[in-house]
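Residue-level structure breakdown
Chain by chain, the residues run as shown.
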Amino acid sequence: MCDISRREFLFSGTAILTLAAEGELLGGPVPAGAAEAATADLIAPDIYFHEGNVADNADAVCNNGWIMFEDYVLVIDANFPAGAKLIIGKIRSLTDKPIRFAFDTHHHGDHAYGNQVFVENGGVPVAHTGVIEEMQRYETGYYGNKPGRWEEAAKGRADLRTTRLKPPSVLFSKDLIFDDGKHRVELMHLGVAHTHGDALAWLPKEKILFTGDVCVNGPYNYVGDGDVGKWIETLEAAKQLGAKIVCTGHGPRSVATVLDDQQAFFKALREQVGSVMAGRPPEEAKTQVELIRATLKGNAQIARFVATAGPDDAFPAQVQKVYQELTGKSLAALERQPRLARQVHARSHGSASASSA
Ligand SMILES: [Zn+2]
Ligand SMILES: [Zn+2]
């Protein structure tokens, strides 16, 4: 398995590579460890996508991307520490260029807790200033107060117990551009969405968009740290970029329609909660959750975003959040749901704890 050729790797992982670019990349010795790298997608020359696994305690939970500039590599999201090591190994099998920057799309653990691993490998974590503000809000242990999310997540992940939180140290308030003439990556904050500090990576030449959790491709939306109403507007701004390939924060790589679908899910959720629940007393409203779920599941465009009832069910928390946004009131009947959703998120996304708001 270890002697997979670079050509096999390219053919197994290439969706869009041009023949000229393929010829360029096929030169040189077969890199050690290329078999492992074969599980990453080369989606355009020098641009890779790696799909994470939201299963409990997976090494790489969130999706990653990386761009090989002429002199260095920029990685999209730091993942968990174990995921960071996995991704660095994959990149090392492809190039000796320094892995100079790790861009945290937001503060959640599955996107930012691997920062320290990148630092130990010569990288610098980069993020929107809102990521620091969110970390100050939720990572209370790091900032000298009571244990926060890191400490909570460390109870369930060994890789967190052997490393430490490393907030990003290169910050931008609106955007930050990497451009060496061949490749251009624009990191940009388009507004509040999944958190108050989300940023996306836009590659205008290739029309590739890495969204972080501003967009996911499956039932992975955690809404507790963001604002669903503003999220819809931020998705509208993301749509205006005109992406052809969309690499979401979780779930399979997709195309522009995933932005439409994600937005349509939130719009439908708000419409349903507004029309079915908002006028009812809180104790009565709870009885409508399954009705709304069934209605949304019946819409083919958005059905894949609607969680199924069960232990990892984030749907009631999504309903509760929207109800709160629309009415200004907490839905007493679902009061435990945000807490349950945070526990699910802490397990699968490693970013939230039951003890922090
Ligand atoms: Zn995530
Ligand atoms: Zn997240």
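Refer to the structure presented above.
A brief look at the structure comes next. (Residues numbered from 1 in each chain as written. Chains lettered and ligands numbered in written order. Predicted model: local features only at pLDDT ≥ 70, side-chain atom pairs only at ≥ 80, totals over all residues.)

1. A word on the sheet that holds strand β1 (residues 41-44)
- Strand order in the open sheet made by the seven strands is β1-β2-β3-β4-β5-β6-β7, with mixed pairing throughout. Here the strands that pair on one side only, and so sit at the sheet edges, are β1 and β7 (170-172). Each strand axis lies, on average, 25° off the axis of its neighbour in the sheet, ignoring direction.
- Across three bridges, strand β6 (residues 124-128) lies against β7 in parallel orientation. Bridged to V126 within β7 is V170.
- Helix-sheet contacts for helix α7 (residues 129-138) involve β6 and β7, and the interaxial angle to β6 is about 95°. (Pairing = 2+ DSSP bridges. Helix = DSSP H or I, 4+ residues; strand = E, 2+ residues; numbered from the N terminus. Axes fitted to C-alpha atoms, helices over the stretch in contact; angles between N-to-C directions. Contact = placed C-beta atoms within 7 Å.)

2. Brief notes about the packing of helix α11 (residues 257-277) against helix α13 (residues 289-297)
- Two elements in contact, α11 and α13, have axes whose closest approach is 10 Å; the angle formed by their N-to-C orientations is 145°. Taken as a pair, α11 and α13 cross one another with a handedness that is right-handed. In contact with A268, L269, Q272, V273 and V276 of α11, α13 contributes L291, I292, T295 and L296.
- In terms of residue class, the contact of α11 with α13 is built from seven nonpolar, two polar and no charged. (Left-handed = near helix turned anticlockwise from the far one by under 90°. Nonpolar A, V, L, I, M, F, W, Y, C, P; charged D, E, K, R; others polar.)

3. Describing the nonpolar core
- Judged by nonpolar contacts, the single largest core of 95 residues is most densely connected at W66, V75, F103, L200, A201 and I208.
- It is α11 that contributes the most residues to this core, seven residues altogether.
- Once residues lying within four places of it in the same chain are set aside, the contact partners of L200 are T105, M188, L190, L209, F210, T211, G212, V214 and A238. (Core = buried A, V, L, I, M, F, W, Y, C linked by C-beta atoms within 7 Å. Buried ≥ 20, exposed ≤ 12 C-beta atoms within 10 Å, placed from the backbone.)

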